[in-house]
Every structure is written in structure tokens, then in C-alpha cells.
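# Examination of the molecular architecture
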Amino acid sequence: MKCAGNKKSMNKRSLLAIDGGKPVRSKNDFMVFGSPPIEEAEIEEVVQCMRSRWIGTGPRAHQFEEDFALYKEKRFAIAVNSCTAALHLSMLASGIGPGDEVITTPMTFCATVNAIIHSGATPVLVDCDRTTMNISPEQIEEKINGRTKAILVVHFAGRCCDMDPILSIAKSYNLMVIEDCAHAVESEYHGKKTGNFGDLGCFSFYVTKNIVTGEGGMVVTDDERIASKIKVLGLHGMSKDAWKRFSDDGYKHYEVVFAGFKYNMPDLQAAIGIHQLKRVERYWQRRHEIWGIYNREFASLPCVLPADPEPDTRHAYHLYTPLIDIEKLGKNRDWVLNALTAENVGTGVHYIPIHRHPYYRKTFGWRKGQFPNAEWIGERTISLPISPALSDNDVDDVMRAFTKIMRIA
Ligand SMILES: *Cc1c(COP(=O)(O)O)cnc(C)c1O
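Described below are features of the structure shown in this document. Numbering of residues starts from 1 in every chain and runs along the sequence as written. Local features in this predicted model are restricted to residues of pLDDT 70 or higher, and side-chain atom pairs are both shown and tallied only at a pLDDT of 80 or more, whereas totals for entire chains, interfaces and linings draw on every residue. Each side-chain value is derived from all of the structure's non-hydrogen atoms; neither hydrogens nor water enter the calculation.

Our focus in this paragraph is the layout of surface pockets. Its volume calculated, the largest pocket comes out at about 640 Å³. Secondary structure elements follow DSSP: runs of H or I of four or more residues count as helices, runs of E of two or more count as strands, with numbering from the N terminus. For the lining of the largest pocket, the secondary structure elements donating two or more residues are helix H4 (83-93) and helix H5 (110-118). Think of it as three bins: nonpolar holds Ala, Val, Leu, Ile, Met, Phe, Trp, Tyr, Cys and Pro, charged holds Asp, Glu, Lys and Arg, and polar takes everything else, Gly as well. Residue composition of the lining of the largest pocket, by class: 20 nonpolar, 17 polar and 4 charged. Domain extents, as shown, originate in an automatic or database domain assignment. For the lining of the largest pocket, the domains that each give at least three residues are domain 1 (2-30 + 280-347 + 382-408) and domain 2 (40-278). Both cavities and pockets are sets of points on a 1 Å grid over the protein atoms alone; in a cavity a 1.4 Å probe fits but cannot get out, in a pocket the set is open with protein on both sides within 12 Å along at least five of seven lines, and lining residues sit with an atom within 4 Å of a point. Grid points are joined across faces, edges and corners, and a volume is the space filled by probe spheres set on the points.

Here it is, written out as C-alpha cells:
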């Protein structure tokens, strides 16, 4: 891999597909970023679900909830149709609404902040750390006031937030803690699994996530009152288990006790999740392996590699996000994105920080320069494919393409 180092830079550049050279992969073999593994067991389960003609929320969704609660060591798990729904319901079940403020990070997906907004509360951003890319605990306290109700942490890329100081702040100000675990199914911090730090934990089974159901999410909690509130709010505000309504237990009346939402997970989706969850460790192992290979191969390139996991933590390795050294490379991140795409390797950007999007700028008056660490990351970060579905050849292609592009410096 190191042999190109002594050639003239013009020669090296002319090899890039973006400059008309031969791409590492052929066009019809484009590597889709985040394409998940789908195996026979879930295909078979979906077929059986369809043959049973119970495709709505029912026994399979219930099974998935039980399996997930067991896996996360939680009393309650409620399956919903997205993590966005999970976050929204978590806000509402926590009693968060208009006039309240919720603290979160600018280094996240828009859904985190939208869930706060949809509850009627106001999001308050606290900058992230450049190394962990997670919310900076030492900057949280200065944003707390009488309206603050909760801290919504995001375990970025699967790296746990520094929960000890965050929990002690939350305790001293009597704030709820909600965990956005969309990247962090397998993550642990000081011997505890994600979803066990906050009052509520929210998970995503979107197509690119660590385990998938197509669309889907889960809320976990140990609080029975919150769990039943979430069930009611997530299914039209109906007071009874509506999926039992038409079962052979006989007809049951329901009562609407709230103008609720339609957030339940159908069995068709749970059928996939049940089997994906069984392989959560195997998939983690594979991503862990790919992460290690990338770290070794990219060590001498002009980029900052993701930091090693902190001691006594478990990283979920959801995203592999090197930061491009744009000064050394002499090219910006978007050029790297385009160059990789030209090599027919799909990439992602996690994330353009929240406060740089027009809606939030207009609505909350957030300005450039306000969250400098998130901006610094947002200008340099690129996500390389790390799906457990990648073959050794695929991983090799990512390495060859990224190395080729980054060796122009
Ligand atoms: C994907 C994601 C979500 C939203 O998940 P959905 O299941 O697509 O609603 C929320 N937060 C983060 C950090 C995410 O990456």
C-alpha cells in the first residue's frame, strides 16, 4: 500500500477516477453506503408472517420487544416505527412540552432536534468535543436555567458520552436524561449498557443502523408508568392493547384518553428484527475488525483517525469517521467525497452540524462560529463504509480507493 509514495504527485492524481482514471470498483458494482446484511432467517420469517396474514402489530412485535428488553437488561421495551418516534414519545412521556428547554448536541442527526421541537420544547445546543465528537459535559452547566427539563445525549458513532459527569449534573439540577442510542445498540460505559443511564433510551433499526428492520425503533425504560404512557401515546392514545382487539380473546372496547400518534411497529418489520438481534454480536465483531483494518491502513494518511475507545467502555463501531486534514491534503472534504464516489465507493457525512441548517438558523438564530468544535468536525468528517455485510474484497476496495485519494498530498 505504501509504494505510491515516491511517485510525482501529478502521476498519482492522474490515476484518480475523478480525474478520468480507472475507478477502483466498476460502476455497476457501486458500493452503497450502509447497506445492511439480510440473511435467510429473516427472509423466511417475513414470508411466514405474511402467510399468517397477521402483518400488523402483534405476536412478532411483542417477541421483538421481549428479546430486546432482555438484551438491554431493561424492564420494558416498546417497539415503534422509528427512533424519531421513540424520541418524540420519550419527550412527551417525560412531560416535556412548550416552555421547556432540552439540552443536546449539534453533532447529531436532525431527528434528535426535531423530536424536541415536536414536543413543543426548545432545543438548546452544547458544543461537542473534537476527539470524542460527543457533547462536552463541562459546557452543559452554563446552559441550564429554570426552564431546562432534560439532557438528550447522543452516543455518537457508538462511542458512549461521558455519562458520569452528565448524570451528576442531571441529578443536581433534577433533569431527565434521555439517550439517543441510534448508533449505540452494543455500547457500554463503565460496565453498563446504553439505555441504562437515562430515564429512557431510544434505538433505531433504520436500514443503515447496527441492526435493521427497514424502518423501526425501540424505547427502553425501567419505569412502568413511563412505559405504559409510551404505549398509549404511540397507538392513537388508545387505553387498551389495541392489537389484541381482534384476537381470539374476544372483542374489547378501547377508550381514547389522549390525541396520540401512529407509531407502532408492525409484525412484518419485527420479523426482521428478531433475527437481526440474534446476530448483534457477530455484526459487532465484523465492524470491530473492519475498524481495526482501517486504522492500521490509514495511519500515515493526512487525516485524523477515530480515537480509540475510552478505557472501561465498549464502542459500537457504528460509523468510521476519519477527519480530513484539509490543510495538508490541499483539498476540502467535499472533494474527497466526490473522489470516493468517482471510485464507486459510497460515503456519508455525519454530520453537518444542526446549527448550520437553514431551518434551525432561522428559527433559533444560531450563527456560524457558535459551536466551533462541531463546525470543525462538520467540515472535515467523512464516513467510510463499515457495514458487516462488506466482504474482504469490499474492505480492500475501500482501502485502495481512500489511500489512492489521500496520497495526493
Ligand atoms: C438515524 C438516527 C435517528 C433517527 O432514526 P430513525 O429510526 O431513522 O428515525 C436519530 N438519531 C440519530 C443520532 C440517528 O443517527
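There's plenty left to go through after this.
Quick look at the sheet that holds strand E11 (residues 313-314) now. With antiparallel pairing, 3 strands are arranged side by side in an open sheet as E7-E6-E11. Whereas interior strands pair on both sides, the edge strands pair on one side only; in this sheet they are strand E7 (192-193) and E11. Pairing between two strands requires that DSSP report at least two bridges joining them. Pairing analysis gives 2 bridges linking strand E6 (residues 188-189) to E11, with the strands arranged antiparallel. Bridged to Glu188 within E11 is Arg314.

Below, the discussion takes up empty space enclosed by the protein. Summed over all chains, the structure comprises 1 cavity of 30 Å³ or more. Roughly 60 Å³ of internal volume is contained in the largest cavity. In terms of lining residues, the largest cavity is bounded by Thr131, Thr132, Met133, Phe156, Ala157, Arg159, Trp291, Pro306, Ala307, His315, Leu319 and Thr321. Considering only residue class, the lining of the largest cavity consists of 7 nonpolar, 4 polar and 1 charged. Residues from two domains meet in the lining of the largest cavity; each of domain 1 (2-30 + 280-347 + 382-408) and domain 2 (40-278) gives at least three.

Turning our attention to the packing of aromatic side chains. Working definition: a ring pair exists when centres of Phe, Tyr or Trp rings (six-membered ring for Trp) sit within 6.5 Å. Plane angles under 30 degrees give stacked, over 60 give edge-to-face, the rest tilted. This structure, assessed with the given rule, holds 18 aromatic pairs. Here Tyr189 and Phe197 contribute two aromatic rings whose centre-to-centre distance is 5.7 Å and whose plane-to-plane angle is 85°, an arrangement assigned as edge-to-face. Feature note: the residues Trp284, Trp291, Tyr294, Phe298, Tyr317, Tyr320 and Phe402 constitute an aromatic cluster, connected by ring pairs. Its guanidinium or amino end placed over the ring of Tyr71, Lys193 lies 4.7 Å from that ring's centre, counting from NZ or CZ. Directly above the aromatic system of Trp284 lies the positively charged group of Arg314, at a separation of 3.8 Å from the ring centroid. In this scheme, Lys NZ or Arg CZ marks a charge over a ring once it lies within 6 Å of the ring centre and within 35 degrees of the ring normal.

Excluding glycine, most residues fall at negative phi; most peptide bonds, likewise, are trans. Cis geometry is adopted by the peptide bond preceding Tyr351, which originates at His350 and carries an omega value of 5°. Within the element layout of this structure, Tyr351 appears in the loop between helix H11 (333-342) and helix H12 (358-364). At Asn174, a residue that is not glycine, the phi angle is positive and equals roughly 55°. Residue position: Asn174 is located in the loop between helix H6 (163-172) and strand E5 (176-180). The backbone of Asn344 sits at a positive phi, close to 65°, despite the residue not being glycine. Mapped onto the elements, Asn344 comes out in the loop between H11 and H12.

By way of backbone hydrogen bonds, the strands of a sheet pair with one another, either parallel or antiparallel. Read across the sheet, 7 strands follow the order E1-E9-E8-E5-E4-E2-E3 without closing on themselves; strand pairing throughout is mixed. Both edges of this open sheet fall to strand E1 (76-80) and strand E3 (122-125), since each of them pairs with a single strand only. When the angles between neighbouring strand axes are averaged without regard to direction, this sheet yields 25°. Contacts: residue pairs with any heavy atoms within 4.5 Å of one another. Axis definition: a line fitted to C-alpha atoms, limited for helices to the stretch in contact. Angles are taken between N-to-C directions and run from 0 to 180 degrees. Against the sheet, helix H3 (residues 59-72) touches E1, strand E8 (200-204) and strand E9 (217-221), its axis set at about 135° to E1. Along the sheet face, helix H7 (residues 224-234) touches E1, E5, E8 and E9 and points at about 15° away from the line of E1.

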